[in-house]
Every structure is written in structure tokens, then in C-alpha cells.
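# Overview (structure and organization)
Each chain, letter by letter, is given below.
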Amino acid sequence: MDMAKRRQGAEIYRIWPAWVRSLGAMQKAMAENPSLRVQAMCGTCNTAFRVDIEAMIWRFGRDFSLIGQHGKCRRVKCDGRTVFQYSTGPTTPFQTMTNGGS
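So, a few notes on the structure that sits alongside this text. (Residues numbered from 1 in each chain as written. Predicted model: local features only at pLDDT ≥ 70, side-chain atom pairs only at ≥ 80, totals over all residues. Heavy atoms only, no water.)

### A few points about the overall build of the protein chain
Within the protein chain, the regular secondary structure consists of three helices and five strands. Classification of the 102 residues of the protein chain by burial places 32% in the buried group. Total accessible area computed for the protein chain in this model is approximately 7,200 Å², and 52% of it derives from carbon and sulfur atoms. (Helix = DSSP H or I, 4+ residues; strand = E, 2+ residues; numbered from the N terminus. Buried < 20%, exposed > 50% of the residue type's maximum accessible area, 1.4 Å probe, protein only. Areas by Shrake-Rupley, 256 points an atom, 1.4 Å probe, with all protein chains shown as cover.)

### Considering the nonpolar core
Among soluble globular proteins, nonpolar side chains are generally buried collectively. W19, M26, V51, L66 and M97 are the most contacted members of the largest nonpolar core, which totals 23 residues. Elements supplying a minimum of two residues to this core: helix 2 (23-32), strand 1 (37-42), helix 3 (53-60) and strand 4 (81-87). Beyond its immediate chain neighbours, meaning those up to four positions away, M26 contacts W19, V20, V38, I53, L66 and M97. (Core = buried A, V, L, I, M, F, W, Y, C linked by side-chain atoms within 4.5 Å. Contact = heavy atoms within 4.5 Å.)

### Re the environment of V83
Topologically, V83 is positioned in strand 4. Residues V83 and M41, spaced 42 residues apart in sequence, show a C-alpha to C-alpha distance of 5.4 Å. In this view, V83 contacts Q39, A40, M41, Q69, H70 and T96; residues no more than four positions away in its chain are not counted.

### Remarks on the environment of E54
Structurally, the position occupied by E54 is in helix 3. Spatially, the C-alpha atom of E54 lies 8.4 Å from that of L23, the residues being 31 residues apart in sequence.

### With respect to the pairing of strand 1
Bridging between strand 1 and strand 4 involves six bridges; their strand directions are antiparallel. Of the residues in strand 4, the one forming a bridge with C42 is T82. Pairing of strand 1 with strand 2 (residues 48-50) involves three bridges; the strand directions are antiparallel. If you follow M41 over to strand 2, its bridge partner there is A48. Turn length for the strand 1-strand 2 hairpin, with the two strands adjacent in sequence and antiparallel, is five residues, and the turn residue N46 shows positive phi of about 60°. (Pairing = 2+ DSSP bridges.)

### Comments concerning unusual backbone geometry
Its identity as a non-glycine residue notwithstanding, N46 has a phi of 60°, on the positive side. With respect to the helices, strands and loops of the structure, N46 is situated in the loop between strand 1 and strand 2. Phi at K77 is positive, roughly 65°, even though this residue is not glycine. Accessibility expressed as a relative area gives 85% for K77, which makes it exposed.

### Overview of helix 2
Within the span of helix 2, buried status applies to L23, G24, M26 and A29. Tucked into the core, helix 2 has its buried residues touching strand 1 and helix 3.

### Considering the packing of aromatic side chains
Tallying each qualifying case throughout the model produces three aromatic pairs. Geometrically, the ring pair formed by W19 and Y86 is edge-to-face, given 5.6 Å between the ring centres and 90° between the ring planes. Taken together, the residues span a long stretch of sequence, with W19 in the loop between helix 1 (3-8) and helix 2 and Y86 in strand 4 at a distance of 67 residues. As far as burial versus exposure is concerned, W19 and Y86 are alike and both buried. By way of ring pairs, the aromatic residues W16, W19 and Y86 are connected into one cluster. (Phe/Tyr/Trp six-rings, centres within 6.5 Å; stacked < 30°, edge-to-face > 60°.)

Scope: geometric values only; no functional claims are made or implied.
Spelled out as C-alpha cells, the structure:
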């Protein structure tokens, strides 16, 4: 099979830092390094919300991953959807947790 045919249907996936792969890993890493941050950002109203990792673990379990997940915006009168983002420090830009084209 030639390289062009192989590349045609290939999807690109990001390699995620170990600490963002599950809620349990996030909880542990954030306890050890308080500069790590996770937020939910609405694509409609551009409002950012802090993510309560402990509450998410209680609801979904320690093995649940936020990568590729979306939530409803919590702002009043906004019907937007949020994406989850992470940052390694206050001066580091947030990175969106999506796979492929999602």
C-alpha cells in the first residue's frame, strides 16, 4: 500500500499528558501541584467555569476522562455547550481537551 492511500483515512490523535487522562490522575496531580488548572469554556458566551474535580469523581468515577467530553453551559439564558481545558500554570495558555475533529 502506498503512503498516500495510508494517509488518506488516517485520523490524528493528540498524546495527552498523563495527569489529564482521568479524573483520578487530575485529582492526584492537582494536589501535588496547585498551579495545574482545569476549566470548562462555553463556545457560545465565552464564559469559563472552574471544574470541581472531587464532584466530578463522585458523579462519574476516578477513571472517567474529560477528553472529548462536552457539558451544558451553566450561565443563565445561555444554551451553549462547554469544552474542557487544562493549563499547567497561571501564565500557560489553556489547551482544549478534544480528540481528532471533535
